[in-house]
Amino acid sequence: MQALNSSLTVFVAAAESASFSQAAENLHLTRSAVAKTIGRLEGRLGVTLFSRTTRRQTLTDEGALYYEFCRRALDEIRMAEEMLEGGKLQASGKLRVSVPVLFGHFCVAPLLAALAKEHPGLALEISFSDRQVDLPAEGFDIAVRIGMLDDSSSLIARQLTSHAMVLCASPAYLREAGEPVLPEDLQQHAAIAYLSAGRILKWRIKNGDKGMYEMTPSARLIMDDMQGIRDSAVAGGGIAWLPDWLVREQLINGKLVQVLKNCSSERQPVYAVWPQMPYLPLKVRLAVDKLVSELPAMISGAEDPI
């Protein structure tokens, strides 16, 4: 690898000089050493990089193409060395991220905005959608996903954290309908269900020694927006199963009451996923590290949407 870097440096210097002699002088080498390095490089690549005459040398079409990539590679190596010598890694370029709508607003976007502030060369583009995007086809660097992931050999996943689900209803509803004592009692109550990808999300509650109790809520109110479900629950529409970070404020101010407190709900995992690639770009690694280190605290004390 070191020999390759050396030959690239010699080639770029020769391409940017009027002659091998001038390149040799700039590199503090002999003309013979430059000529031999270029010859070995042409032999390895199987192409002619320079058209040589007694008066001058010019790049061939193949040489011009190779020069373009070599110049870029050496510039990036130099930039990386400057970052390392400066003691701080700085991300640059555009980072495109897909996040679920509410979770993105409440928990993810503030952290990524802080990351962009820490790295002035980083341009951040966030897409808020509950649709599962095709990362490579749609040009996204990272997606944040909630719940169990489908098997995919084309994606890398890292769990960021998890969040609890809470059964809750308004005090007015509970005064009128009574409060469920056992998970089975939920079947006798009005429910507000969440519709995801055309299916009603099942409720999963731990039922003591009986294990996990799973039910599809029988609901007259069905919505594909969790904030709408929360607002309907506050208005007395029935019992809802919602993320704790979304209803924390309403539970504190008494607009909602948690039911079946002794029966904890299943926790939902939160993942970052990104396409398989030979190496992980710095901007992606820094974003994932930021979410891993700070997202758990953000969930436990979720703020208002930005």
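Please refer to the structure higher up on the page.
Structural notes, computed from the coordinates.

### Notes on the packing of helix α2 (residues 20-27) against helix α3 (residues 31-45)
When two helices pack together, their arrangement is given by the angle between their axes and by how far apart the axes lie. The interhelical angle for the contact between α2 and α3, taken along N-to-C directions, is 110°, at an axis separation of 8 Å. By the criterion of interaxial angle, the relationship of α2 to α3 is roughly perpendicular. Residue-level contacts link F20, S21 and A24 of α2 to R31, V34, A35 and I38 of α3. In terms of residue class, the contact of α2 with α3 is made up of 5 nonpolar, 1 polar and 1 charged.

### Here we look at the nonpolar core
Counting residues in hydrophobic clusters, the biggest one holds 40 residues, and the most contacted among them are F103 and L295. Those residues within four positions of F103 in sequence are excluded, and the remaining contacts are V108, V144, I146, W245, V270, L295 and I299.

### Notes on the side chain of R145
When you line up the elements, R145 lands in strand β5 (residues 142-146). For R145, a relative accessible area of 12% puts it in the buried group. Engagement of the side chain of R145 in a polar contact is seen with the backbone oxygen of V133, the distance being 2.7 Å. Residues within four places of R145 in sequence aside, it is in contact with Q132, V133, L135, L155, P269, V270, Y271 and V273.

### Observations concerning the packing of helix α5 (residues 101-118) against helix α10 (residues 282-300)
Two elements in contact, α5 and α10, have axes whose closest approach is 10 Å; the angle formed by their N-to-C orientations is 135°. When the axes of α5 and α10 are compared, the pair comes out oblique. Considering only the axes of α5 and α10, their crossing is right-handed. Of the residues in α10, those touching α5 at F103, F106, C107, V108, P110, L111, L112, A114, L115 and E118 are L286, A287, K290, L291, E294, L295, M298 and I299. Residues of the contact of α5 with α10, tallied by class, amount to 15 nonpolar, no polar and 3 charged.

### Remarks on the pairing of strand β15 (residues 268-275)
Where burial is concerned, most of β15 is hidden: 8 out of the 8 residues are buried. Neither face of β15 is left uncovered, since the one carrying Q268, V270, A272 and W274 and the one carrying P269, Y271, V273 and P275 both have all their residues buried. Where β5 and β15 come together, 4 bridges link them in antiparallel fashion. Note that in β15 the partner of I146 across the bridge is V270.

### Focus: the sheet that holds strand β4 (residues 122-128)
Within the open sheet, the 5 strands sit side by side as β4-β3-β5-β15-β6. Their pairing is mixed. Both outer strands of the open sheet, β4 and β6 (155-163), are each paired with one neighbouring strand and no more. Within this sheet the neighbouring strands show an average axis-to-axis angle of 20°, counted without direction. Along the sheet face, α5 touches β3 (93-99), β4, β5 and β15 and points at about 180° away from the line of β4. Of the strands in this sheet, β3, β4, β5, β6 and β15 touch α10, which is tilted by about 15° from β6.

### Side note on the pairing of β4
Bridge count between β3 and β4: 7 bridges; the pairing is parallel. By the bridge assignment, S98 is partnered in β4 with S127.

### A closer look at the side chain of T161
Of note, T161 is situated in strand β6. Those residues in contact with T161 that sit more than four places away from it in its chain are Q268, P269, V270, L295, P296 and I299.

### A word on the packing of aromatic side chains
Overall, the coordinates contain 5 aromatic pairs when judged by the stated rule. Their ring planes at 65° and their centres at 5.7 Å tell us that F11 and F50 sit as a pair that is edge-to-face. One end of the pair, F11, is in helix α1 (residues 2-15); the other, F50, is in strand β1 (residues 50-52), with 39 residues separating them in the sequence. Like F11, the residue F50 is buried in the burial classification. Among the aromatic residues, those joined into a cluster by ring pairs are F11, F20, F50 and Y66. Its end group placed over the ring of F69, R72 keeps NZ or CZ at 5.0 Å from the ring centre.

Cut-offs and rules
Counting of residues starts from 1 at the beginning of each chain's written sequence and follows it residue by residue. With the structure being a predicted model, the display of local features is reserved for residues of pLDDT at least 70 and the display and counting of side-chain atom pairs for 80 or more, all residues being used for whole-chain, interface and lining totals. Excluding hydrogens and water, the side-chain figures rest on all heavy atoms present in the structure. Every axis corresponds to a line fitted to the C-alpha atoms, with the helix fit spanning only the stretch in contact, and the corresponding angles, defined between N-to-C directions, vary from 0 to 180 degrees. Here a helix means four or more residues in a row that DSSP labels H or I, a strand means two or more in a row labelled E, and each is numbered from the N terminus. Our angle categories are set so that under 35 degrees counts as roughly parallel, over 145 as roughly antiparallel, 65 to 115 as roughly perpendicular, and the remainder as oblique. The contact criterion used is simple: two residues touch if any of their non-hydrogen atoms lie within 4.5 Å. In this classification, the charged set is Asp, Glu, Lys and Arg, the nonpolar set is Ala, Val, Leu, Ile, Met, Phe, Trp, Tyr, Cys and Pro, and all remaining amino acids, among them Gly, are polar. Residues belong to a common nonpolar core when they are buried Ala, Val, Leu, Ile, Met, Phe, Trp, Tyr or Cys residues joined through side-chain atoms within 4.5 Å. Partly exposed describes any residue whose relative accessible area lies between the buried limit of under 20% and the exposed limit of over 50%, with all areas from a 1.4 Å probe on protein chains only and scaled to the type maximum. Polar contacts, as used here, are pairs of N or O atoms within 3.5 Å; protein pairs need one atom able to donate a hydrogen and one able to accept it. Residues neighboring in sequence count only if both atoms are side-chain atoms. Rotating anticlockwise by less than a right angle from the far helix to the near helix defines a left-handed crossing, while the corresponding clockwise rotation defines a right-handed one. Criterion used throughout: strands pair if DSSP finds at least two bridges between them. Pairing of aromatic rings covers Phe, Tyr and the six-membered ring of Trp, with a centre-to-centre limit of 6.5 Å; geometry is then stacked below 30 degrees between planes, edge-to-face above 60, and tilted otherwise. Consider the ring centre and the ring normal. A charge sits over the ring if Lys NZ or Arg CZ is within 6 Å of that centre and within 35 degrees of that normal.

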